[in-house]
Each structure stands twice: as C-alpha cells, then as structure tokens.
Amino acid sequence: MNVDWDGLWTNIFGTAYWHGIAMGFWVGMTIVAIVVVLMNVIYWFCFKKFDPVKHAEEEHEKLIKERESIEKQEHEIEIEKEREMEELLENDDLKDKK
C-alpha cells in the first residue's frame with residue numbers, strides 16, 4: 001500500500017507547496033521545532049534550579065564549621081601542651097627536691 005502524500009495534502013489544503021518549498025520540508029521543520037521545545041521544557045523543569053544565594057550561604061556555613069573544628073583542635077592541642085609542660089615542671093621540681 002503506497003500513500004500519495006502530495007495528493008492527500010493537495011486535497012486537504014489545495015497545494016503541496018508553501019512559499020515555493022514542498023510541504024514535506026515544512027512538516028519536518030515543525031516536528032523538529034516541537035521536539036526542540038519539548039526538550040527545553042523537560043530540561044528546565046526537571047532539574048533543580050541553581051540558587052546562587054543559597055549556594056553561597058551553604059558554602060559560608062561549611063567554612064564556618066570547618067573553622068570551628070580547626071579552632072577546637074588547636075585549643076585541644078594547646079591544652080595538651082600545657083599539661084605536658086606542667087608534668088615536666090612537676091618532674092623537674094621533684095628532681096630538684098631530691
């Protein structure tokens with residue numbers, strides 16, 4: 001079974017050409033345009049939108065937490081050094097007393 005698309009199109013619209021170009025071209029261009037629009041709609045509505053302000057706030061909070069963690073570690077190291085110094089001083093005092 002062979003379909004005469006030009007004849008069918010001519011019966012419906014009265015011509016098989018528009019602006020001197022065959023209707024098959026225009027149908028193909030319309031299909032491509034619809035596909036491109038659908039792809040863009042799917043892309044822009046499916047993905048999470050990037051919010052630069054929210055991203056900056058999250059990065060800022062992450063840096064604050066890292067800084068607090070480092071400061072806590074440094075404080076613990078200082079306390080440990082002070083304890084070691086006190087122990088050394090106590091050991092020296094004990095040696096001096098002997």
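Rules used in this analysis
Residues numbered from 1 in each chain as written. Predicted model: local features only at pLDDT ≥ 70, side-chain atom pairs only at ≥ 80, totals over all residues. Heavy atoms only, no water. Helix = DSSP H or I, 4+ residues; strand = E, 2+ residues; numbered from the N terminus. Rg over C-alpha atoms; globule rule 2.2 N^0.38 Å. Buried < 20%, exposed > 50% of the residue type's maximum accessible area, 1.4 Å probe, protein only. Areas by Shrake-Rupley, 256 points an atom, 1.4 Å probe, with all protein chains shown as cover. Lys, Arg positive; Asp, Glu negative; His and termini not counted. Charge placed at Lys NZ, Arg CZ, Asp CG, Glu CD. Patch = residues over 30% accessible without salt bridge, like charges linked within 9 Å, V, L, I, M, F, W, Y side chains within 5 Å. Salt bridge = Lys/Arg side-chain N within 4 Å of Asp/Glu carboxyl O. Phe/Tyr/Trp six-rings, centres within 6.5 Å; stacked < 30°, edge-to-face > 60°.

Caption draft 1: Focus on the overall build of the protein chain. Looking only at helices and strands, the protein chain features 3 helices and 2 strands. Computed over C-alpha atoms, the radius of gyration of the protein chain comes to 39 Å, more than 25% over the 13 Å expected from 2.2 N^0.38 for 98 residues, which places it beyond the range of a compact globule. Structurally, the protein chain occupies a C-alpha span of about 120 × 30 × 20 Å along its principal axes. Split into buried and exposed, the 98 residues of the protein chain put 3% on the buried side. Summed over its atoms, the accessible surface of the protein chain is roughly 9700 Å², and 62% of this surface lies on carbon and sulfur atoms. Each charge sign in the protein chain was given a centre, from 12 positive and 22 negative side chains, and these centres are 3 Å apart.

Caption draft 2: Region of interest: a negative patch on the surface. The grouping of Glu68, Glu71, Glu74, Glu78, Glu80, Glu82, Glu84, Glu86, Glu87 and Glu90 at the surface amounts to a negative patch. Turning to its location among the elements, Glu74 is positioned in helix α3 (residues 52-97). Of the residues examined, Glu74 reaches a relative accessible area of 45% and is grouped as partly exposed.

Caption draft 3: Local environment of the environment of His19. Along the chain, the position of His19 falls in the loop between β1 (17-18) and β2 (21-22). A C-alpha to C-alpha distance of 84 Å links His19 and Glu78, two positions 59 residues apart in sequence.

Caption draft 4: Expanded view of the pattern of salt bridges. Following the criterion strictly, the structure yields 1 salt bridge and no others. Among the salt bridges present, the one from Lys62 reaches Glu59, with a minimum N-O distance of 3.4 Å. Remark: Glu59 and Lys62 occur in helix α3; sequence separation between them is 3 residues, near one turn of the helix. Given a relative accessible area of 32%, Glu59 falls into the partly exposed group.

Caption draft 5: The arrangement of the packing of aromatic side chains in detail. Considering all chains together, one arrives at 2 aromatic pairs under this definition. Between Phe25 and Trp26, the aromatic rings sit 5.1 Å apart at their centres with planes inclined by 75°, giving edge-to-face as the arrangement. Ring geometry for Tyr43 versus Trp44: centroids 5.0 Å apart, planes at 85°, classification edge-to-face.

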